[in-house]
Amino acid sequence: MTRSADEARKRGLTPQILLRAYAAGIFPMADDAHDPEIFWVQPEQRGIIPLDAFHVPKSLSKKIRQKPFDIRFNTAFRAVIAACAEATPDRERTWINRTIRELYVQLHEMGNAHSVEAWDDDQLVGGLYGVTLGRAFFGESMFSRKTDASKICLVYLVEQLRQRGFVLLDTQFTTEHLKRFGAIDVPQEDYEGLLADALVGEVEFN
């Protein structure tokens, strides 16, 4: 057991507790990558991308047709979450600490956390990861080392969710970036109804 996983265990945090939190509309964050503590978040306005209203900008559609990257699922989950946790010039601080990383790796090993990856030859150049429960996908974070890599992963994610029968894509919050793809904010009460429906039934991510 790694030190961060042992710290999580001592605090009573387990992958099973995380799944119960997601089922209740709650998710964890940390103040900083170097802070071992986590706190629970339940936004009054929840970000989602309605799967039937997902929009791909024309310029991105053109680039996708050129197939600039090899898109893979679940081949490098640990590397994806590590990349999402890295500080960048545009993001000096990250909310993904070691405790969160280790807990989500355990969720991945259980089949409840997944990655979508963009590869350029043998280089991982972009990706995203999230949690699945019932027919819901809870998006956590994404990263890009080449232009549009994470955006293309998002497009492939939505295609996968539609094909597999998912009904809810939770983005936690909305950003101007996500709004370009159709992300909207919904009040907590409305989100709870969407979540309750998504937790009925079970589908496989891949």
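See the structure shown above.
Let me sum up the structure you'll find in this document.

### Observations concerning the pattern of salt bridges
Turning to step 1, where the next piece is worked out: Per the stated rule, a full pass over the model turns up nine salt bridges.
Turning to step 2, where the next piece is worked out: In this structure, the salt-bridge partner of Asp148 is Lys151, at a minimum N-O distance of 3.6 Å.
Turning to step 3, where the next piece is worked out: A salt bridge links Glu176 to Lys179, with the nearest nitrogen and oxygen atoms 3.5 Å apart. Highlighted residues: Glu176 and Lys179, both in helix α7 (residues 176-179), separated by three residues, approximately one helical turn.
Turning to step 4, where the next piece is worked out: In this structure Glu176 comes out as exposed when scored by relative accessible area, which is 60%.
Turning to step 5, where the next piece is worked out: Here the residues in one salt-bridge network are Lys63, Asp148 and Lys151, joined through shared partners.

### Observations concerning the packing of aromatic side chains
Turning to step 1, where the next piece is worked out: Considering all chains together, one arrives at eight aromatic pairs under this definition.
Turning to step 2, where the next piece is worked out: Between the aromatic rings of Tyr104 and Tyr129, the centroid separation amounts to 6.1 Å while the plane-to-plane angle is 75°, which identifies the pairing as edge-to-face. Placement of Tyr104 in helix α5 (residues 98-110) and of Tyr129 in strand β6 (residues 123-133) is noted, with a sequence separation of 25 residues between them. For the pair formed by Tyr104 and Tyr129, the shared burial category is buried.

### What about the sheet that holds β6?
Turning to step 1, where the next piece is worked out: Judged by pairing direction, the sheet is mixed, and its seven strands sit side by side in the order β4-β5-β6-β7-β8-β3-β9 without closing on themselves. Each edge of the sheet is formed by a strand with only one pairing partner; in this case those strands are β4 (70-73) and β9 (184-187). Averaged over all pairs of adjacent strands, the angle between their axes in this sheet comes to 35°, without regard to strand direction.
Turning to step 2, where the next piece is worked out: Relative to β9, strand β3 (residues 45-48) runs antiparallel, the two being bridged by four bridges. Within β9, the residue paired with Arg46 across the bridge is Val186.
Turning to step 3, where the next piece is worked out: Packing of helix α8 (residues 188-198) onto the sheet brings it into contact with β3, β6, β7 (136-144), β8 (168-172) and β9, and relative to β9 it is tilted by some 95°.

### Quick word on helix α3 (residues 58-65)
Turning to step 1, where the next piece is worked out: Among all positions of α3, only Leu60, Lys63 and Ile64 are buried. Burial along α3 is one-sided: seen end-on, the buried residues are contained in an arc of 100°. Facing away from the buried side of α3, by more than 90 degrees, are the exposed residues Lys58, Ser59, Lys62 and Arg65.
Turning to step 2, where the next piece is worked out: Buried residues along α3 sit against α6 (149-164).

### Details of the nonpolar core
Turning to step 1, where the next piece is worked out: Among the nonpolar cores identified, the biggest contains 38 residues, and Ile96, Tyr104, Tyr129 and Phe138 are the most heavily contacted of them.
Turning to step 2, where the next piece is worked out: Secondary-structure elements contributing two or more residues to this core are α2 (15-23), β1 (27-29), α4 (77-84), α5, β5 (113-120), β6, β7 and α8.
Turning to step 3, where the next piece is worked out: Membership of the second largest hydrophobic core comes to 27 residues, among which are Phe69, Leu128, Phe137 and Val155.

### Quick word on unusual backbone geometry
Turning to step 1, where the next piece is worked out: Despite not being glycine, Lys67 shows a phi value in the positive range, around 50°.
Turning to step 2, where the next piece is worked out: By secondary structure assignment, the location of Lys67 is in the loop between α3 and β4.
Turning to step 3, where the next piece is worked out: Overall, Lys67 belongs to the exposed group, its relative accessible area being 68%.
Turning to step 4, where the next piece is worked out: A positive phi angle, close to 75°, is found at Asp148, a residue other than glycine.

### What about α4?
Turning to step 1, where the next piece is worked out: With respect to burial, α4 is a largely interior element, six of its eight residues being buried.
Turning to step 2, where the next piece is worked out: Within the span of α4, buried status applies to Phe77, Val80, Ile81, Ala82, Ala83 and Cys84.
Turning to step 3, where the next piece is worked out: Those residues of α4 hidden inside the fold are in contact with α5, β5, β6 and β7.

### Focus: the side chain of Asn112
Turning to step 1, where the next piece is worked out: Among the secondary structure elements, Asn112 is positioned in the loop between α5 and β5.
Turning to step 2, where the next piece is worked out: When near neighbours in sequence (up to four residues on either side) are disregarded, Asn112 contacts Leu19, Leu107, Gly130, Val131, Thr132 and Leu133.

### A look at the state of the cysteines
Turning to step 1, where the next piece is worked out: Within this structure, the stated rule accounts for zero disulfides.
Turning to step 2, where the next piece is worked out: Not part of a disulfide, Cys84 finds its nearest cysteine sulfur in Cys153, a span of 9.7 Å.
Turning to step 3, where the next piece is worked out: For Cys153, a relative accessible area of 0% translates into the label buried.

About the thresholds
- Residues numbered from 1 in each chain as written.
- Predicted model: local features only at pLDDT ≥ 70, side-chain atom pairs only at ≥ 80, totals over all residues.
- Heavy atoms only, no water.
- Salt bridge = Lys/Arg side-chain N within 4 Å of Asp/Glu carboxyl O.
- Helix = DSSP H or I, 4+ residues; strand = E, 2+ residues; numbered from the N terminus.
- Buried < 20%, exposed > 50% of the residue type's maximum accessible area, 1.4 Å probe, protein only.
- Phe/Tyr/Trp six-rings, centres within 6.5 Å; stacked < 30°, edge-to-face > 60°.
- Pairing = 2+ DSSP bridges.
- Axes fitted to C-alpha atoms, helices over the stretch in contact; angles between N-to-C directions.
- Contact = heavy atoms within 4.5 Å.
- Arc of directions from axis to C-beta.
- Core = buried A, V, L, I, M, F, W, Y, C linked by side-chain atoms within 4.5 Å.
- Disulfide = S-S within 2.5 Å.

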